[in-house]
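# Understanding the architecture of this molecule
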Amino acid sequence: MLDIFSQLLDSVLPRPECVKNIEKETPQTILRFYSAQKFSGCVFLSNYKIKKIKSAVTANKFHNSNQASVLLSSLLTNWLKDQSENVLLIPVPLSKKRRRERGYNQVQNILNKLESEKVTTAKLLEKVRDTTPQTKLSRDERLRNLDKVFTYTPKAGVDLVKYKKIILLDDVVTTGATLKAGKQALTPHLPTGCKIVCLAIAH
């Protein structure tokens with residue numbers, strides 16, 4: 001009965017292909033694609049070329065899919081299980097213009113679905129100017145595009161001294177330029193002994 005209703009609904013209000021492609025995935029089944037690796041100084045948790053992962057990232061980023069953010073947060077929760085200490089997780093921010101246009105930050109969507117008691121999240125970075133989307137630029141252009149684009153914005157109640165590890169999170173890493181720009185903005189404000197890990201859900 002539900003399948004019939006779903007088909008009727010799709011004929012009236014067609015869902016994006018990326019959303020349909022992940023409809024049968026669960027937080028448990030998506031973990032078959034989990035494979036933490038490193039690229040250009042960043043850790044990533046899965047391969048963007050995998051159709052289910054690409055669909056989940058796209059559905060979360062452009063269609064505000066609740067299921068997609070749950071699936072992606074499952075990969076992140078799995079990685080956090082191996083962290084021995086409490087961590088502070090900071091999402092890569094959107095510019096104010098992009099945030100207004102989209103209505104949400106896709107990285108924050110992932111963090112909102114986290115199921116880990118070891119994690120605190122805080123928005124300590126601000127993107128001070130709008131930039132050309134990184135996917136449209138060459139590697140050298142990406143680096144110039146993000147020069148001094150982030151600033152540190154301290155928040156009341158967030159004491160960085162409490163954390164030995166800070167995780168800067170993005171949904172996708174391509175060249176690593178965005179995460180490195182965020183790290184550059186954060187580093188001067190960190191207490192001695194605090195480490196930044198640049199982390200992405202997929203590459």
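First, a word on what this report is: a plain description of the structure on this page.

What counts and what doesn't
- Residues numbered from 1 in each chain as written.
- Predicted model: local features only at pLDDT ≥ 70, side-chain atom pairs only at ≥ 80, totals over all residues.
- Heavy atoms only, no water.
- Patch = residues over 30% accessible without salt bridge, like charges linked within 9 Å, V, L, I, M, F, W, Y side chains within 5 Å.
- Areas by Shrake-Rupley, 256 points an atom, 1.4 Å probe, with all protein chains shown as cover.
- Salt bridge = Lys/Arg side-chain N within 4 Å of Asp/Glu carboxyl O.
- Lys, Arg positive; Asp, Glu negative; His and termini not counted.
- Charge placed at Lys NZ, Arg CZ, Asp CG, Glu CD.
- Helix = DSSP H or I, 4+ residues; strand = E, 2+ residues; numbered from the N terminus.
- Buried < 20%, exposed > 50% of the residue type's maximum accessible area, 1.4 Å probe, protein only.
- Pairing = 2+ DSSP bridges.
- Axes fitted to C-alpha atoms, helices over the stretch in contact; angles between N-to-C directions.
- Contact = heavy atoms within 4.5 Å.

Glancing now at a positive patch on the surface. Together, K38, K180, K183 and K195 line one region of the surface with positive charge. Checked against the element boundaries, K38 lands in strand β1 (residues 37-39). A residue is classified by how much of its surface remains accessible, and K38, at 73% relative accessible area, is exposed.

Moving on, we come to the sheet that holds β1. The strands making up a sheet associate through backbone hydrogen bonding, with each pair oriented either parallel or antiparallel. What the six strands build is an open sheet, ordered β1-β2-β8-β7-β3-β4; its pairing is mixed. Sheet topology places β1 and β4 (119-121) at the edges, where each strand pairs with a single neighbour. The mean inter-strand angle of the sheet, taken between neighbouring strand axes irrespective of direction, is 35°. In terms of strand pairing, strand β3 (residues 87-91) meets β4 through three bridges, oriented parallel. Bridge pairing in β4 places L89 opposite T121. With respect to the sheet, helix α3 (residues 51-63) is in contact with β2 (42-46), β7 (165-172) and β8 (195-202), its orientation differing from that of β7 by roughly 95°. Packed on one face of the sheet, helix α4 (residues 66-80) meets β2, β3, β4, β7 and β8 and runs near 140° to β8.

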